[in-house]
Amino acid sequence: SSVAFVCAPVAGAPAAGPWAGAMADTSARVLPRAVREKFEKEQGLSSFSQVAPTKASLLEKEASELAGIGNLRGAIAKYLEAEEVGGNVRHKIQNLSSFLPYEYLLPKAGKR
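Procedures and definitions
- Residues numbered from 1 in each chain as written.
- Predicted model: local features only at pLDDT ≥ 70, side-chain atom pairs only at ≥ 80, totals over all residues.
- Heavy atoms only, no water.
- Salt bridge = Lys/Arg side-chain N within 4 Å of Asp/Glu carboxyl O.
- Helix = DSSP H or I, 4+ residues; strand = E, 2+ residues; numbered from the N terminus.
- Buried < 20%, exposed > 50% of the residue type's maximum accessible area, 1.4 Å probe, protein only.
- Core = buried A, V, L, I, M, F, W, Y, C linked by side-chain atoms within 4.5 Å.
- Patch = residues over 30% accessible without salt bridge, like charges linked within 9 Å, V, L, I, M, F, W, Y side chains within 5 Å.
- Areas by Shrake-Rupley, 256 points an atom, 1.4 Å probe, with all protein chains shown as cover.
- Axes fitted to C-alpha atoms, helices over the stretch in contact; angles between N-to-C directions.
- Parallel < 35°, antiparallel > 145°, perpendicular 65-115°, else oblique.
- Left-handed = near helix turned anticlockwise from the far one by under 90°.
- Contact = heavy atoms within 4.5 Å.
- Nonpolar A, V, L, I, M, F, W, Y, C, P; charged D, E, K, R; others polar.

### Re the pattern of salt bridges
- One pass over the structure, following the stated rule, counts 5 salt bridges.
- Residue Lys 92 pairs with Glu 60 through a salt bridge whose shortest N-O separation is 2.2 Å. A residue pair is termed long-range when its members are at least 10 positions apart, and Lys 92 in helix α5 (residues 90–97) and Glu 60 in helix α3 (residues 55–68) qualify at 32 residues.
- The closest approach of N and O atoms between Glu 62 and Lys 78, which form a salt bridge, is 3.1 Å. With a gap of 16 residues between them, Glu 62 in helix α3 and Lys 78 in helix α4 (residues 72–84) connect regions that are remote in the sequence.
- What makes Glu 62 partly exposed here is its relative accessible area of 35%.

Encoded structure:
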């Protein structure tokens, strides 16, 4: 038979266990803000950099709004325009097209 020894923790001693190494990693040094911002800027991760929306993304947003109010045919037309200018929206066009047979069941845009 094997004997297991159970020891009580010593007062003031650091906690030991499988998580002790992980706890040591959490106290890693944090770089100063200016250095972090410099790295983010170099890597293009900065939250300050704003990208202008593309024509395709603006058309996609309009199409999404049209679909939200129930105008499926208008939304599909806008998605087709977005696809012509380089948007990757073919899957959205297919999804909306699958609802066209049931368009008459949707509430009218003015009735909401």
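Next comes the rest of the account.
### As for the nonpolar core
- Of all hydrophobic cores here, the largest spans 10 residues; its members are Leu 59, Ala 63, Leu 72, Ala 75, Ile 76, Tyr 79, Ala 82, Val 89, Ile 93 and Leu 96.
- At the level of elements, α3, α4 and α5 are the ones that each hand at least two residues to this core.
- If one sorts the elements of this core by residue count, α4 sits on top with 5 residues.

### Topic: a nonpolar patch on the surface
- Taken together, Phe 99, Tyr 102, Tyr 104 and Leu 105 make up a surface patch of nonpolar side chains, about 530 Å² in accessible area.
- On the secondary structure map, Leu 105 appears in the segment after α5.
- In this structure Leu 105 comes out as exposed when scored by relative accessible area, which is 59%.

### Considerations on the packing of α4 against α5
- In the contact formed by α4 and α5, the axes pass within 9 Å of each other and the chain directions differ by 165 degrees. Compared by their axis directions, α4 and α5 come out roughly antiparallel. Between α4 and α5 the crossing geometry is left-handed. For the pair formed by α4 and α5, the contact residues are Leu 72, Ala 75, Ile 76, Tyr 79, Leu 80 and Glu 83 on the first element and Arg 90, Lys 92, Ile 93, Leu 96 and Ser 97 on the second.

### Some details on the packing of α3 against α4
- Taken N-terminus to C-terminus, the directions of α3 and α4 make an angle of 170 degrees; their axes are 8 Å apart at the nearest point. As summarised for this structure, α3 and α4 are arranged roughly antiparallel, according to the angle between their axes. Along its contact with α3, which presents Ala 56, Leu 59, Glu 60, Glu 62, Ala 63, Ser 64, Leu 66 and Ala 67, the element α4 presents Gly 74, Ala 75, Lys 78, Tyr 79, Glu 81 and Ala 82.
- For the contact of α3 with α4, the class distribution of residues is 8 nonpolar, 2 polar and 4 charged.

### Structural notes on the environment of Asn 88
- Among the structural elements, Asn 88 can be located in the loop between α4 and α5.
- Residue class for Asn 88 comes out exposed when judged on its relative accessible area of 66%.
- Residues Asn 88 and Ser 57, 31 residues apart in the sequence, show an inter-C-alpha distance of 9.5 Å.

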